[in-house]
Each structure stands twice: as C-alpha cells, then as structure tokens.
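So you can see what is in the structure, the chains are spelled out below.
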Amino acid sequence: MTRIILFLLRMKLGVKKNERFQFDNQKNKEDYYYISENKLYKIMWRDCKVTERRANVSLNWLLDPECKIVKLGGH
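Residues numbered from 1 in each chain as written. Predicted model: local features only at pLDDT ≥ 70, side-chain atom pairs only at ≥ 80, totals over all residues. Heavy atoms only, no water.

A. Molecular detail of helix H1 (residues 2-13). If you check H1, its first and last C-alpha atoms are 16 Å apart, about what 12 residues at 1.5 Å a residue would give, namely 16 Å. The set of residues buried in H1 consists of Leu6, Leu9, Arg10 and Leu13. When H1 is viewed along its axis, its buried side chains cluster within an angular range of 100° and face the same direction. Opposite the buried face of H1, by more than 90 degrees, sit the exposed residues Ile4 and Leu8. Two residues or fewer past H1, Gly14 is found with a positive phi of approximately 75°. (Helix = DSSP H or I, 4+ residues; strand = E, 2+ residues; numbered from the N terminus. Expected span 1.5 Å × (residues − 1). Buried < 20%, exposed > 50% of the residue type's maximum accessible area, 1.4 Å probe, protein only. Arc of directions from axis to C-beta.)

B. Structural context of a nonpolar patch on the surface. A cluster of nonpolar residues, Met1, Ile5, Leu59 and Leu63, forms a patch on the protein surface that exposes about 430 Å² of accessible area. Mapped onto the elements, Met1 comes out in the segment before H1. Looking at Met1, the relative accessible area reads 75%, which means it is exposed. (Patch = residues over 30% accessible without salt bridge, like charges linked within 9 Å, V, L, I, M, F, W, Y side chains within 5 Å. Areas by Shrake-Rupley, 256 points an atom, 1.4 Å probe, with all protein chains shown as cover. Salt bridge = Lys/Arg side-chain N within 4 Å of Asp/Glu carboxyl O.)

Nothing here speaks to function; it is geometry throughout.
In structure tokens, the structure reads:
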C-alpha cells in the first residue's frame, strides 16, 4: 500500500524516483528531499556533514494544492 501511495505522490508532484526536490516554502535551502521506492527521505547538510533520514512531512501537506516544489534533478 505504501508503494502505491508514494507512486501516486510522485505523479502528483511530477518527480521521478530518487529525484531530488525542495519545497518552495522551506526555510533551510541546503536541505532537500527525494522519494525512494518505499520512503520519503530528507537529506540535511549541517557543519559539512550529510545526514539522511526519513522525512517528517505530513501527507495532508503533500496533497495540499498549495504544496509547491522545486526540482533539483539528479538521482
């Protein structure tokens, strides 16, 4: 079920699997997100260190018409 939801979410946002993106209104412009086959991840840059973790983003926000993203490309 999760894979189907993430597939549909990728279609709504217009991103490919593992394609990096940022939210239009996010505060930290160094962080970015991507959707793998079974999870939404957040990549954070802090003090020259990269941390990858599951994103804590509400499904309601992701489905909201006001949710806009900026594609960064790449895989």
